[in-house]
Amino acid sequence: MATYELSSTLARFLDKHLCFPLLEFLQDKGVYSEDDIMRAKIALLQNTNMVDFAMDIHKELYQSEDVPAAMMDRRTEVVNRLRSLQKAVDPIIGCLSNSNVIRNFRQDRTFNLQFLKEEFDIGPEQIEALYQFAKFQFDCGNYSMASELLQAYKPLCTISERNMSVQWGKLAADTLTQNYDAATEDLLRLRESLDNQSFATPLMQLQQRTWLMHWSLHVFWNTENGKNALIDLFLQPAYMSAIQINAQHLLRYLAAAVVVNRKRRNVLRELIKVIQQESYEYSDPITQFLECLFVHYDFDSAQQKLIECESVIEHDYFLTAIKAEFLESARLFIFETYCRIHQCINIDMLSERLNMDKEAAEKWIANLILSARLNAKIDSKAGTVVMGLQSSSMQDQLADKAKQLSVRTFTLANAVVGAPATKA
């Protein structure tokens, strides 16, 4: 369903290297023509050092061994640059390879620079070469080496803006090597730096938070607790503001994460409120499904949107792996919502709502009643489900109230601390 395909929108907020997995996925799915995908890859590779890769794609696209002269010139430039950087960086790499040197480093980065200068005669030029070499290797697609070089450079970086660049680079490198544990740590550190930086303007912070949420999709959808972390991040007031101003399409991923995460249903009301507010800017079958079900209580439309959700998720790089989980959870949403309104439910009619045949629907409902301990029973002769009174426990109600109070207290405290002092 190319109508709701978001890769071109997401690419505006991603590093070009982070776009390659999306293009590979779209190529495998056949969403766009093979030639269009290959042209997009060549366009992405233009300003990188992955010249040989670009040449191979060009040859495959045009079925010719000839490549443009500009590519050949670029290759020569890259090779010369590599030789120059390698020569400049050899002394400091040799030095930092010594574990005894690293042991002498401290939190004080100025001390580290002075230590290297006095003990090994390594000065600013060699340290700058280390950063440039890490960036060069990243642009060559050597992400593992780039991550290691950036990690070595971090204790020597004394410039705040450069330190932010290093953190972005390491997050991208660890993500592209699928080292998601390291990428998760990178993400947490980068978020902390973004929220606490003093040199950035409000507009820059807004833009960087938007980038962070897009980059985080690669991490959150590939880690065990990622969906929970995504919900926590996206619902933070500063980040939700960034979504509503810059990136309403991210509501798709927040909605999907909430649907499949049964423990986070307490945020459903807040999510639906935002979806309603932003529906004039962005909506898709996933957000529309929640609106149909929880705002309009239109079960026929919700059923139709759920069918459309299946295609949307199947062609979304980040969501395709949770397709079965999403459909199962969405059916549970339909069932629970319908049960709140009706006391006696016809199984034939309910199977249509769930987009299942009658036998499968009856088994699914029976398993759900057992696993969720619902106050309900199936009357097989009458072909109905009879619901008892449902109420949340006092413990659950208290937990929800306490969480809401905690969030409000946190927001109020931030507002008080961040308020400018008035002059007497």
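Computed from a predicted structure; not experimentally measured.

Criteria and cut-off values
- Residues numbered from 1 in each chain as written.
- Predicted model: local features only at pLDDT ≥ 70, side-chain atom pairs only at ≥ 80, totals over all residues.
- Heavy atoms only, no water.
- Helix = DSSP H or I, 4+ residues; strand = E, 2+ residues; numbered from the N terminus.
- 1 Å grid on protein atoms, 1.4 Å probe; cavity = no way out; pocket = protein on both sides within 12 Å on 5 of 7 lines; lining within 4 Å.
- Points joined across faces, edges and corners; volume = space filled by probe spheres on them.
- pLDDT = per-residue confidence, 0-100.
- Contact = heavy atoms within 4.5 Å.
- Buried < 20%, exposed > 50% of the residue type's maximum accessible area, 1.4 Å probe, protein only.
- Pairing = 2+ DSSP bridges.
- Axes fitted to C-alpha atoms, helices over the stretch in contact; angles between N-to-C directions.
- Parallel < 35°, antiparallel > 145°, perpendicular 65-115°, else oblique.
- Nonpolar A, V, L, I, M, F, W, Y, C, P; charged D, E, K, R; others polar.

## Examining the environment of arginine 340
Line of reasoning, step 1. On the secondary structure map, arginine 340 appears in helix α19 (residues 323-341).
Line of reasoning, step 2. For arginine 340 and methionine 387, which are 47 residues apart along the polypeptide, the C-alpha to C-alpha distance reads 8.6 Å.

## A look at empty space enclosed by the protein
Line of reasoning, step 1. Under the counting rule described, the total for this entry stands at three cavities of 30 Å³ or more.
Line of reasoning, step 2. By volume, the largest cavity amounts to about 60 Å³.
Line of reasoning, step 3. Around the largest cavity sit Glu5, Leu6, Ser7, Leu10, Leu22, Phe25, Leu26, Arg252, Tyr253, His315, Asp316 and Tyr317, which together line it.
Line of reasoning, step 4. Elements supplying a minimum of two residues to the lining of the largest cavity: α1 (7-11), α2 (16-29) and α15 (251-260).
Line of reasoning, step 5. Of all the elements, α2 adds the most residues to the lining of the largest cavity, at three residues.

## Focus: the confidence of the model for the protein chain
Line of reasoning, step 1. Summary statistics for the protein chain give a mean pLDDT of 87 and a share of 90% for residues scoring 70 or more.
Line of reasoning, step 2. Low pLDDT (under 50) marks residues 419-424, which in the prediction has zero contacts with non-local residues, meaning those over four places away or in another chain.

## Considerations on unusual backbone geometry
Line of reasoning, step 1. Even without glycine at this site, aspartate 121 takes up a positive phi of about 55 degrees.
Line of reasoning, step 2. Examined against the element boundaries, aspartate 121 turns out to sit in the loop between α7 (109-120) and α8 (124-139).
Line of reasoning, step 3. Aspartate 121 gets classed as exposed once you look at its relative accessible area, which sits at 53%.
Line of reasoning, step 4. A positive phi is found at tyrosine 297, a non-glycine position, where the angle reads about 50 degrees.

## Things to note about the sheet that holds strand β1 (residues 344-346)
Line of reasoning, step 1. Here we have three strands laid out as an open sheet, ordered β1-β3-β2, and antiparallel in their pairing. Of all the strands in the sheet, the pair left with one neighbour each is β1 and β2 (376-379). Sheet twist, expressed as the average angle between the axes of neighbouring strands with direction ignored, equals 20 degrees.

## Quick notes on the packing of helix α18 (residues 299-314) against α19
Line of reasoning, step 1. Running from N to C, α18 and α19 point in directions that differ by 170 degrees, and their axes come no closer than 10 Å. In terms of their interaxial angle, α18 and α19 are classed as roughly antiparallel. Taken together, the residues of α19 that come into contact with α18 (itself represented by Phe299, Leu306, Cys309, Glu310, Ile313 and Glu314) are Lys323, Phe326, Leu327, Ala330, Arg331, Ile334, Thr337, Tyr338 and Ile341.
Line of reasoning, step 2. Looking at the contact of α18 with α19 residue by residue, the class counts come to 10 nonpolar, one polar and four charged.

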